[in-house]
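Listed here are the chains, written in short residue letters.
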Amino acid sequence: SIEKAWNPVLNETWVFMKEISSDGDVSTIDVVYPAAPFFISQAPETLRRMLLPVLAYGNNETAAYGLDMKYNLSWAPHHLGTWPVCDLAPMDQEQMPV
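Because the structure is a prediction, the values reported are computed rather than measured.

1. Structural notes on the pattern of salt bridges
- A full pass over the atoms with the stated rule returns 5 salt bridges.
- Here E12 makes a salt bridge to R49, at a shortest N to O gap of 3.7 Å. Here E12 is found in strand β2 (residues 12-17), whereas its partner R49 is found in helix α2 (residues 44-58), with 37 residues between them in sequence.
- Given a relative accessible area of 17%, E12 falls into the buried group.
- Judged by its relative accessible area of 21%, R49 is partly exposed.
- Here R48 ties to E45 by a salt bridge, and the two come within 2.7 Å at their closest N and O atoms. Of this pair, R48 and E45 both sit in helix α2, 3 residues apart, which is roughly one turn of the helix.
- Exposure remark for R48: the relative accessible area of 35% places this residue in the partly exposed category.
- For E45, a relative accessible area of 37% corresponds to the partly exposed category.

2. Things to note about unusual backbone geometry
- Following W83, the chain continues to P84 via a peptide bond in cis, the omega torsion being 5 degrees.
- Its location among the elements puts P84 in the segment after β4 (81-82).
- Positive phi values are uncommon outside glycine, yet N11 reaches one of about 55 degrees.
- Looking at the element boundaries, N11 is found in the loop between β1 (2-7) and β2.
- The exposure class assigned to N11 is exposed, which follows from its relative accessible area of 55%.
- Backbone geometry at N60 places phi at a positive 60 degrees, although glycine is not the residue there.
- Here N60 is to be found in the loop between α2 and β4.
- Looking at N60, the relative accessible area reads 29%, which means it is partly exposed.

3. With respect to the nonpolar core
- W14, F16, V26, L52, V54, A56, Y57, M69, Y71, L80 and A89 together form the largest nonpolar core, which totals 11 residues.
- Residue assignment for this core shows that the elements contributing at least two residues are β2 and α2.
- W14 has contacts with E3, K4, A5, N7, R49, L52, P53, A56 and Y65, leaving out every residue within four places of it along the chain.
- Among the nonpolar cores identified, the runner-up in size contains 8 residues, and V15, M17, A36 and M50 belong to it.

4. Description of the packing of aromatic side chains
- Summed over the entire model, instances satisfying the criterion amount to 4 aromatic pairs.
- Between the aromatic rings of F38 and F39, the centroid separation amounts to 5.2 Å while the plane-to-plane angle is 80 degrees, which identifies the pairing as edge-to-face.
- One aromatic cluster in this structure is built from W14, F16 and Y65.

About the cut-offs
Residues numbered from 1 in each chain as written. Predicted model: local features only at pLDDT ≥ 70, side-chain atom pairs only at ≥ 80, totals over all residues. Heavy atoms only, no water. Salt bridge = Lys/Arg side-chain N within 4 Å of Asp/Glu carboxyl O. Helix = DSSP H or I, 4+ residues; strand = E, 2+ residues; numbered from the N terminus. Buried < 20%, exposed > 50% of the residue type's maximum accessible area, 1.4 Å probe, protein only. Core = buried A, V, L, I, M, F, W, Y, C linked by side-chain atoms within 4.5 Å. Contact = heavy atoms within 4.5 Å. Phe/Tyr/Trp six-rings, centres within 6.5 Å; stacked < 30°, edge-to-face > 60°.

Written out as structure tokens, the structure is:
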């Protein structure tokens, strides 16, 4: 499922995808990636809004949201946390380098 949340810093909506086949991980990249062709063809703006939180986390832009988490791994984040809280520290990420 996907859930919209208002981002007061950027004044726009962000979209989070909840993984249903695990413990409720949020915005799991290995779930978002295979869904991307559908969103590109049917709802490209939704895909953009779905990627913004992951990119903000991976680019160390979390301080503006009150949680200054420095993502220091050499690969992309796997997910943002467990539903409904996106506060996963980089050291707690699933280690999935490609």
